[in-house]
Amino acid sequence: MIELEGVPELIDPVMVAAFEGWNDAGDAASTAVAHLDREWKGEVFAALDAEDYYDFQVNRPTVWLDGGVRKVTWPTTRLSVVRVGGDKPRDLVLVRGIEPSMRWRSFCNELLGFAHELGVEMVVILGALLGDTPHTRPVPVTGITSDPDLARTMDLEETRYEGPTGIVGILQEACTHAGVPAVSLWAAVPHYVSQPPNPKATLALLNRLEDLIGLRIPLGELPEDARAWQLGVDQLAAEDSEVAEYVQTLEEARDTAELPEASGEAIAREFERYLRRRDGGPGQQGPGQPPGPGHATDGGEGGSYLRDPSSGRTRPPKPPKQDPEPEPPESNPDEDSSDD
């Protein structure tokens, strides 16, 4: 049994998790959880024993100096809690770490032990994958669950994926078998500009999370960073006619596929988000703080480079012909791979 000291009783807590590694293209998912922790001043209350789950030749510890004293930071997974006020307060348990090298079942069971002791009502796991999606369009984010009832009530896709998986898929299935409602949110990152950071994908994940859990998330400088990212990628892509032509092909395919989405639920979702940000909702900044800027679908963002995976060049390359990561949510035509 896990005993927690110094952790107050939480209000309708939701656990939000992300893991660096295979399920984190462009570091979009782990950066989203780090943003929540920073904006809401999360307090770490637990860390998993690194010896149990990590190969230190794969994820090496780092050394640093603190006032002339040498210290070591070990790769691990940490849990923090944030108290979100407002008219409808809700607390979050943030899980941020690295995909473990071993003992995945024990890893998931330990996280579920914390969830049980804290009274967590739902687990949301963030992920990012490489996909055939243009950087000039809103980032596709797919919500997936193994629970058919949850899929119906929360407008999610019921996963039917079969194939290799990562810790996101394993943790989601562990939650399902333990009777804990679980959802994974996947952002598609353009495979031709896959290096981190990708603030546009991070922003899209936060917007989808905001819709899912009903909290207004302060976005800070993310919208500005996202616009700068897209502007930078635009400029670099324009320097190579083959890249520009490839991006145009992706844009045409995306626009054709999503034409029916230009009305109905998609517009209603955006309008509801607009009302929350205009009127102020749960999770908004405290008194005296300015309202947060726009959100992921505000459009432009900019980056610093395109990458040819085979050469490591930092100028716009010819569109790569590589296979992306192997796990797509089936119904999303923009994604090449995913991890359900």
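Located above this text is the structure these notes cover.
From a predicted model like this one, the values you see are computed outputs, not experimental measurements. (Residues numbered from 1 in each chain as written. Predicted model: local features only at pLDDT ≥ 70, side-chain atom pairs only at ≥ 80, totals over all residues. Heavy atoms only, no water.)

Asker: What's the story with the layout of surface pockets in this structure? I'm lost.
Answerer: Take a probe with the size of a water molecule and roll it over the atoms, and the empty space left behind shows itself. Computed from the structure, the second largest pocket encloses a volume of approximately 310 Å³. The wall of the second largest pocket is formed by 15 residues, among which Glu20, Thr76, Arg78, Arg96 and Gly97 lie closest to the centre. Elements represented by at least two residues in the lining of the second largest pocket include exactly helix 1 (28-39), strand 5 (78-84) and strand 6 (90-98). At four residues, the largest contribution of residues to the lining of the second largest pocket is made by strand 6. Classifying every residue of the lining of the second largest pocket gives eight nonpolar, three polar and four charged. (1 Å grid on protein atoms, 1.4 Å probe; cavity = no way out; pocket = protein on both sides within 12 Å on 5 of 7 lines; lining within 4 Å. Points joined across faces, edges and corners; volume = space filled by probe spheres on them. Helix = DSSP H or I, 4+ residues; strand = E, 2+ residues; numbered from the N terminus. Nonpolar A, V, L, I, M, F, W, Y, C, P; charged D, E, K, R; others polar.)

Asker: How do you make sense of empty space enclosed by the protein when you look at a structure like this?
Answerer: Summed over all chains, the structure comprises two cavities of 30 Å³ or more. Put simply, the largest cavity is a space of about 50 Å³. Lining the largest cavity are Thr133, Pro134, His135, Arg137, Pro138, Val139, Pro140, Ala188, Pro190, Asn198, Lys200 and Trp229. Class assignment of the residues belonging to the lining of the largest cavity gives a composition of seven nonpolar, three polar and two charged.

Asker: I would appreciate a short explanation of the packing of helix 1 against helix 6 (residues 199-213) in the present structure.
Answerer: For any two helices packed against each other, one specifies the inter-axial angle together with the distance between the axes. Between helix 1 and helix 6, the least distance of the axes is 8 Å, while the angle of their chain directions is 60°. The orientation of helix 1 relative to helix 6 falls into the category oblique. In the crossing of helix 1 with helix 6, the sense of the turn from one axis to the other is right-handed. When helix 1 is examined against helix 6, the residues Ala28, Ala29, Thr31, Ala32, His35 and Leu36 are found in contact with a partner set consisting of Ala201, Thr202, Leu205, Leu206 and Leu209. Of the residues in the contact of helix 1 with helix 6, the class split is eight nonpolar, three polar and no charged. (Axes fitted to C-alpha atoms, helices over the stretch in contact; angles between N-to-C directions. Parallel < 35°, antiparallel > 145°, perpendicular 65-115°, else oblique. Left-handed = near helix turned anticlockwise from the far one by under 90°. Contact = heavy atoms within 4.5 Å.)

All quantities given are derived from atomic positions and should not be read as evidence of function.
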